[in-house]
Every structure is written in structure tokens, then in C-alpha cells.
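Given next are the chains, with one letter for each unit.
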2 protein chains.
Amino acid sequence: MLKDEVRTKSYRDSIYQNGHLFKDKVVLDVGCGTAILSMFAVKAGAKHVIGVDMSTIIDKAKEIVERNGMTSKITLLQGKMEEVKLPFDKVDIIISEWMGYFLLYESMLDTVLYARDTYLNKDGLIFPDKATIFMAGIEDGEYKEEKIGFWDNVWGFDYTPLKETAMTEPLVDTVDIKAVVTDPTSVITFDLYTVKAEDLAFRLPYTLKVRRPDFVHALIAWFDIEFSACHKPIRFSTGPHTKYTHWKQTVFYLKDVLTVEEGETITGVIENKPSEKNHRDLDISISYKLETDDMHRQASGNGAYKMC
Amino acid sequence: MLKDEVRTKSYRDSIYQNGHLFKDKVVLDVGCGTAILSMFAVKAGAKHVIGVDMSTIIDKAKEIVERNGMTSKITLLQGKMEEVKLPFDKVDIIISEWMGYFLLYESMLDTVLYARDTYLNKDGLIFPDKATIFMAGIEDGEYKEEKIGFWDNVWGFDYTPLKETAMTEPLVDTVDIKAVVTDPTSVITFDLYTVKAEDLAFRLPYTLKVRRPDFVHALIAWFDIEFSACHKPIRFSTGPHTKYTHWKQTVFYLKDVLTVEEGETITGVIENKPSEKNHRDLDISISYKLETDDMHRQASGNGAYKMC
């Protein structure tokens, strides 16, 4: 958190630039870590901040808060959001940095929603309050060969059983904007004021419009985050077109290599749900079809991926 | 394992170049993973190889072994070395890639020693059979500032409580050979034929001879591995003077910055033992003293580190 410039600066600006929203308010920091957001909120004028985290990092957070003279303004609680006893019945603002890879992998969004439903005042605010998942298609021949082709011959042996495993593991990595072959498309937007925990499992169609003649080896996903309650809305993106964040992008290799022409479309359905075996893992499936009149290039398929 | 060239090549050469040692022998591969070493041993002429691993990777290893036509030659067992039932009472050779960061962190050496004491024939061989830990002093002003100094001012707040934590965490990272200010010194050599589990906790003096006028911000440690049973002994090093391995080096920052002159020595004691709280963690303490006639530069101290 602390070393990710894009992320922390967005949170800081969204809090510091909106002192009129934080002034004299009670704030809840869900998954507070070292309490950086809690301290931002105090500096922005909050009456009191409650920081909750399951980790023993809370002990260090207490030391840090004391070192910065904010002990009387910040209450830090170690435990599950569902179990801790808050010193206030209701809060005015929830702040939280809950996002995981692919937005939802090991994310704390369900905890934020629990906090919202339990503690947020009727007119309360959530920072951030919007999250949108995007997709695009990329050319990635060289890297796919390196990552997936590697298993064809490993020190003289046939390791193709691990190739199948490699194909099912989405890769969290930075993608060069020059590799992006299609327009981006938004898949889903979560409005944190209204979304329910069950909405985090979804099955949605997507359409990608091809920008140039090229090959498509993989689809990628990323997300944008918005603090729309701000006087001047603040957004940041974790896409390939902008500055590095530790979330990078998520790469899903396709079984086929699609040979695409400008103006064609790739259509399909992306499905995401928590794994039945282990609720923390995500099962993601992506079907794809290249829509083209050229029957020699027609291709379609379906990939099953697991983030674990 | 598979992608670490130095490591895997050393194992491969030590096995392939010594067919006379492996011919018709029964081999035990401790912590076999994907069974790469087991397959090397079969190719080198082993009569039979038993691979043991706790992980479900064993299922993939079975598929790989089958794909390479070695199912009749390799028995793969999932479970703890201490609990699995081997198809042979004794083995002629133990092969294992057991080394962790700082050689001993999360290493499987104790499992190898159990396998040796339980299964290895009187004249049996161990690949590899020697491991030596080395130390040196380095100039690392810029990076130390970045890693440790970072906490002085984090987004406008005093985060020094995390600075103390950062100081106690050895850093696993690649060190440029140009940063090395002292001669290397060997701290301890483990002979795998004779070493006992209790020897893995040690407390030993060290002396480092300064090579040039410079500053010393940290001590580093690494290890060398030897296959001395080979016809032509094979060694590899994980030090800063040679090719990259995934073990990199381990960096221990000192509280002081030592201002050193050529020919002076840094002396001290390095102690390593499993943590009482969690046996998988290592508690390492390093005392240091700059031996110099210049009383203005005299410095000594003691650092406590935890690998976890």
C-alpha cells in the first residue's frame, strides 16, 4: 500500500481535498493495516476514526499512530469486522483499500459491504465507491511461448502435464500498452452503495473490437477505481495505458491464437465465482469467438482459469 | 527448480557425468517435486528411483514420469519422509534439492538427514554432500536509505516503528560484486554424511578482512554446494561473484555504518537457531566490531534478525 504511489496518492487526494466531507465525521477504516488512511482522515478533520484489521499489524499501527500524536483520534481494533465491538453505533464515512488482483481475488469487498450494511449512516459516504472491471485482447506471442511453450521440453523431458496447469493460471503481470490489439471494454461496474455480496459472482457477455491486423494470444483484465463523492471526482486505473500499480494486469491465455483484422470483433462470456473447494480462490471461465467472414480464421473456444 | 539454470544444470551434470555411480543403483529423491532429479537418475542408469514429496505436485509428477516412459522405473510417494512406506529397505544414493534461502531457511535438510539415517546403505552416496555458508561486508548506502530510511517520512507521517521491523528482516536480494568491500569468509561447512540435525543451530566467530577504503552498511551471507562424490567434483555457488540463482544473497543491515580502511578487520559472532515460537522461522544474531587503531572510527554492535 505505502509504496504504491498511484494507489496511495489517490486515497490521500480523495481525503485531503475533501476536508468539507470529513470535518467532524466518524470514519471507519476497514482493513486499516498500518493506519495510513486513518491518519489521512484525521488530518482531513475527522472527529474520530476507527481502524479494524485482523492482522497483528495493528500493534505496529498503534505505535505509529502514537508516534504521530493521534492516539486520541484513532481507535484501532484487531479482529474480524464481523466480531469487533466498535465504539460508535454508526459511522459517517467508510474508507477502505480492499481491492485484490483482478479486483476480486483475495479482496476484502465482502467485509466492506458487511461494514456498510451494519454501520454506515443512511447518508454516509464510501471511499472509494465505484469499481469497474475492463478487458482487452493482446498480442503476446513471445511471452506465451516462454511461459507456456517452456513445458514442451524441460531439460530434455516432456513436461506437458504442467503446460495445462500453466494455461489455467491467470498471470498477474504488467502488459505493454503496445501489445493491446483491441479497444478496451468494461465488463461490470460495482457501485459500493448498492452492490450485494452475491453480485460479486457474475456471468456477463463482452465484445472486443479489433484495432489492427495482428494476433491475439490472450485476454487481459484490469480495473478502475473511483471516489465519486469527492468535490472533484478522483479516479485511478490499473490498466496497461497508465502508470504502474502493484495490481498490474491479469493475463488469461487462450488455447487458440486468433488471427485478427481491423474492425472485427471478439465476443464471448466471462464468468467469475468463488471456488466451491476454497472460497478464497476464484474460478473464472472465459469463452471467446472471433467474428469474421473469413472461414479460415474462424475460431472459438473456452478457457477455465483458477486464481489461487 | 526447473528454471534456475545454475542449480538444475549442476544437479544434471553431477548425475549424468557419473553413470558409473548410478548404474543399477536404488536412488531416493527427497522432496522430489516434479521428479526432475528422479528422471535424471533413471537416464543415468539407476535401477529404480523412489521420489517422495509432501505436496500434491506428486500427481503431476506421476503424469510427467508416465509421459516420459519411466513409470516402471520411478515410484512416487506423497507424504512425509518419516511416514511413507518405501518399496526398498535401503537405498544406495540419496539425491535432494533441499536448500533454502540462507541455506537453512525453510530447508529440507533435516528430512534429508532422517532419510540418510533410516535408509542409506553404509557405503551409500549423497548428492550433494557438502554445503558451506559464507559471509562478506558490503557498501550499500543508497539501497539501505531506500529500504530503511523510507520509514522516516511516509506520506508525511513518522513510520519509524516499522523501521525497527525492517532492520530485523534479512533481505533476500542480488548484491552487485562491486559492492563487496571485504574478502569473503566461510562460516561453516555441513558434511551431509556426518552432520546431525542439532548442528544446524550454530554459534560461530567470523573475521572479515577489508579490501579497500569504503563504508560497510551490511553483512551478506550465501552458500556453496558441492557434489564431491562425482568423478570430477561439481560445485556451484550462490555468491555475488557468480551467476544468478533464485537464492540470491541474504543481506543483514547493521545499525552502524562502519568507516573502514584497507587491511582492517571486522570480527564478530554469528548465531543461527530455529525460532522457539515457530520452528520454521530462523533467529539469527550477528555481533560486529570494527578492529581499528583509529578510535574515532571504532564501532561495534549486535543485530537480531528473524527470517520468517
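Since this is a predicted model, take the numbers as computed values, not measurements.

Caption draft 1: Representation of the overall build of chain A. Regarding its fold elements, chain A presents seven helices and 15 strands. The long-range fraction of contacts in chain A, counting pairs at least 24 apart against all pairs at least 6 apart in sequence, stands at 73%. Only carbon and sulfur atoms are counted for the fraction: they give 49% of the accessible area of chain A, which is about 14000 Å². Within chain A, the 48 negative side-chain charges are centred at a point lying 7 Å from the centre of the 38 positive side-chain charges.

Caption draft 2: Fine view of the interface of chain A and chain B. Each partner contributes residues to the interface: chain A has 31 residues there, and chain B has 31 residues. For the chain A and chain B pair, buried surface summed over both sides reaches about 2900 Å², with 67% attributable to carbon and sulfur atoms. On the chain A side of the interface with chain B, the three residues burying the most area are Trp155, Phe157 and Tyr159 of chain A, jointly 28% of the side's total. Summed over the shared surface of chain A and chain B, the number is one salt bridge. On inspection of chain A and its partner chain B, the count reaches ten residue pairs in polar contact (both at pLDDT 80 or more). Going through the elements one at a time, α1 (5-16), α3 (36-43), α4 (57-67) and α7 (160-168) of chain A are the ones with two or more residues in the side of chain A that touches chain B. Split into classes, the residues belonging to the side of chain A that touches chain B amount to 16 nonpolar, five polar and ten charged.

Caption draft 3: Spatial organisation of the sheet that holds strand β15 (residues 299-307) of chain A. Residue and element names in this part refer to chain A. An order of β9-β13-β14-β15 is seen for the four strands of this open sheet, with the pairing classed as antiparallel. Taken across any chain shown, the strands that pair with only one partner, and hence form the sheet edges, are β9 (202-209) and β15. Strand after strand, the sheet turns through a mean of 15° between neighbouring axes, direction not considered. Sheet topology places strand β14 (residues 282-291) next to β15; nine bridges connect them, and they run antiparallel.

Caption draft 4: Spotlight on the sheet that holds strand β2 (residues 48-53) of chain B. Residue and element names in this part refer to chain B. If you trace the five strands from one edge of the open sheet to the other, you get β3-β2-β1-β4-β5, paired in parallel fashion. In this open sheet, the two edge strands, each paired with only one partner strand, are β3 (74-78) and β5 (120-127). Geometrically, the sheet is characterised by an average inter-axis angle of 20° between neighbouring strands, direction not taken into account. With five bridges connecting them, strand β1 (residues 26-30) and β2 associate as parallel partners. Among the inter-strand pairings, Leu28 is bridged to a residue of β2, identified as Ile50. The strands touched by helix α4 (residues 57-67) within the sheet are β2 and β3, with β3 carrying the most contacts at an inclination of about 165°.

Caption draft 5: Layout of the UniProt feature "domain: Protein arginine N-methyltransferase" (unreviewed entry) in chain A. UniProt tags residues 129-291 of chain A as "domain: Protein arginine N-methyltransferase" (unreviewed entry). Annotation note: span residues 129-291 of chain A, helix share 10%, strand share 47%, distance between end C-alpha atoms 36 Å.

Caption draft 6: Layout of the pattern of salt bridges. Using the criterion set out here, one finds 36 salt bridges over all chains in the structure. Glu271 of chain A serves as the salt-bridge partner of Arg203 of chain A, at 3.6 Å between the closest nitrogen and oxygen. Of this pair, Arg203 of chain A sits in strand β9 while Glu271 of chain A sits in strand β13 (residues 265-274); the two residues are 68 residues apart in sequence, bridging distant segments of the chain. Taking the shortest distance from any N to any O, the salt bridge between Lys306 of chain B and Asp283 of chain B comes out at 2.8 Å. In this pair, Lys306 of chain B is assigned in strand β15 (residues 299-307) and Asp283 of chain B in strand β14 (residues 282-291), connecting sequence segments 23 residues apart. Each of Lys9, Arg12 and Asp13 of chain A takes part in salt bridges that share partners, so that together they form one network.

Caption draft 7: Expanded view of the packing of aromatic side chains. All names here are of chain B. This structure, assessed with the given rule, holds 26 aromatic pairs over all chains. Look at Trp151 and Tyr159: their rings are 6.2 Å apart centre to centre, the planes differ by 25°, and that puts the pair in the stacked class. Given a relative accessible area of 12%, Trp151 falls into the buried group. Accessibility expressed as a relative area gives 0% for Tyr159, which makes it buried. Between Phe223 and Trp247, the ring centres sit 5.4 Å apart and the planes meet at 75°, which makes this aromatic pair edge-to-face.

Caption draft 8: Representation of the packing of α4 of chain A against helix α7 (residues 160-168) of chain B within the structure. Running from amino to carboxyl end, α4 of chain A crosses α7 of chain B at an angle of 135°, the nearest separation of the two axes being 8 Å. As judged from the angle between their axes, α4 of chain A and α7 of chain B are oblique. In this structure, α4 of chain A contributes Lys60, Glu63, Ile64 and Arg67 of chain A to the contact, and α7 of chain B contributes Thr160, Pro161, Leu162, Glu164 and Thr165 of chain B. Class assignment for the residues of the contact of α4 of chain A with α7 of chain B results in three nonpolar, two polar and four charged.

Caption draft 9: Main features of helix α5 (residues 109-119) of chain B. If you check which residues of α5 of chain B are buried, you get Leu109, Thr111, Val112, Leu113, Ala115, Arg116 and Tyr119 of chain B. Contacts from the buried residues of α5 of chain B go to β1, β4 (91-96) and β5 of chain B.

Caption draft 10: View of the UniProt feature "domain: Methyltransferase" (unreviewed entry) in chain A. Sequence positions flagged by UniProt for "domain: Methyltransferase" (unreviewed entry) are, in local numbering, residues 27-102 of chain A. When the span residues 27-102 of chain A is considered, its composition is 25% helix and 28% strand, and the gap between its end C-alpha atoms is 27 Å.

Caption draft 11: How the structure looks around the nonpolar core. Among the nonpolar cores identified, the biggest contains 112 residues, and Tyr159 of chain A together with Phe22, Leu28, Leu103, Phe190 and Ile266 of chain B are the most heavily contacted of them. Leu28 of chain B has contacts with Ile50, Val52, Met81, Leu86, Val91, Ile93, Ile94, Ile95, Ala115 and Tyr119 of chain B, leaving out every residue within four places of it along the chain. Ranked by size, the runner-up nonpolar core spans 111 residues in total, among them Ile64, Val91 and Ile188 of chain A together with Val175 of chain B.

Caption draft 12: The arrangement of the environment of Ala136 of chain B in detail. Residue and element names in this part refer to chain B. Checked against the element boundaries, Ala136 lands in strand β6 (residues 130-138). For Ala136 and Leu219, which are 83 residues apart along the polypeptide, the C-alpha to C-alpha distance reads 5.6 Å. Here Ala136 is in contact with Val180, Thr182, Asp183, Pro184, Leu208, Ala218, Leu219, Ile220 and Trp222, once residues within four sequence places are set aside.

Caption draft 13: The arrangement of the relation of the copies chain A and chain B in detail. When chain A is fitted onto chain B, the two copies agree to an RMSD of 0.0 Å after a turn of 180° and an axial shift of 0.0 Å. Such a combination of rotation and displacement between the chain copies is what one expects of a two-fold axis. Relative to the rotation axis, the C-alpha of Asp173 of chain A is the closest in chain A, positioned 10 Å from it. A shared interface surface links the copies, since 100% of the contact residues of chain A are contact residues in chain B too.

Caption draft 14: Main features of the confidence of the model for chain A. Within chain A, residue pLDDT values average 97, and 100% of them lie at 70 or more. Per the prediction output, this complex has pTM 0.91; the corresponding ipTM is 0.91.

Rules and cut-offs
- Every residue gets a number counted from 1 within its own chain, in the order that chain's sequence is written.
- Labels are handed out in written order, letters beginning with A for the chains and numbers beginning with 1 for the ligands.
- The model is predicted, so local features are restricted to residues of pLDDT at least 70 and side-chain atom pairs to those at 80 or more, both for listing and for counting; the totals for chains, interfaces and linings are taken over all residues.
- Each side-chain value is derived from all of the structure's non-hydrogen atoms; neither hydrogens nor water enter the calculation.
- Note on conventions: DSSP H or I runs of at least 4 residues are helices, E runs of at least 2 residues are strands, and numbering of each starts at the N terminus.
- Here a residue-residue contact requires only that any non-hydrogen atoms of the pair lie within 4.5 Å.
- For every accessible area listed, the method is Shrake-Rupley and the probe measures 1.4 Å; residues are considered covered only by the protein chains on display.
- For the purpose of charge, His is not counted, nor are the chain termini; Lys and Arg are scored as positive and Asp and Glu as negative.
- For the purpose of locating charges, the reference atoms are NZ of Lys, CZ of Arg, CG of Asp and CD of Glu.
- Note on definitions: buried area is the accessible-area loss of two parts on being combined, 1.4 Å probe, summed for both.
- The working definition used for a salt bridge is a side-chain nitrogen of Lys or Arg within 4 Å of a carboxyl oxygen of Asp or Glu.
- Polar contact is defined as a pair of N or O atoms within 3.5 Å, subject to the rule that within protein one atom must be able to donate a hydrogen and the other to accept it, and that residues adjacent in sequence are counted only when both atoms are side-chain atoms.
- Any residue outside Ala, Val, Leu, Ile, Met, Phe, Trp, Tyr, Cys, Pro, Asp, Glu, Lys and Arg is labelled polar, Gly included; the first ten of those are nonpolar and the last four are charged.
- Strand pairing requires that DSSP identify at least two bridges connecting the strands.
- Note on geometry: axes are lines fitted to C-alpha atoms, helical ones only across the stretch in contact, with angles between N-to-C directions running from 0 to 180 degrees.
- UniProt positions are given in the numbering used here, feature names are shortened, and annotations may be inferred rather than shown by experiment.
- Ring pairs shown here join Phe, Tyr and Trp side chains whose ring centres sit within 6.5 Å, with only the six-membered ring taken for Trp; geometry is labelled stacked below 30 degrees between planes, edge-to-face above 60, and tilted in between.
- For every residue, the accessible area (1.4 Å probe, protein chains only) is compared with the maximum for its type, and the residue is labelled buried under 20%, exposed over 50%, or partly exposed between those bounds.
- Should an angle lie under 35 degrees it is considered roughly parallel, over 145 roughly antiparallel, and from 65 to 115 roughly perpendicular; all remaining angles are considered oblique.
- By nonpolar core we mean a set of buried residues, namely Ala, Val, Leu, Ile, Met, Phe, Trp, Tyr and Cys, connected to one another through side-chain atoms within 4.5 Å.
- When the copies are superposed, the least-squares fit draws on C-alpha atoms of residues that have pLDDT of at least 70 in both.
- Across the chain, each position has a pLDDT score giving the predictor's confidence in that residue, from 0 to 100.

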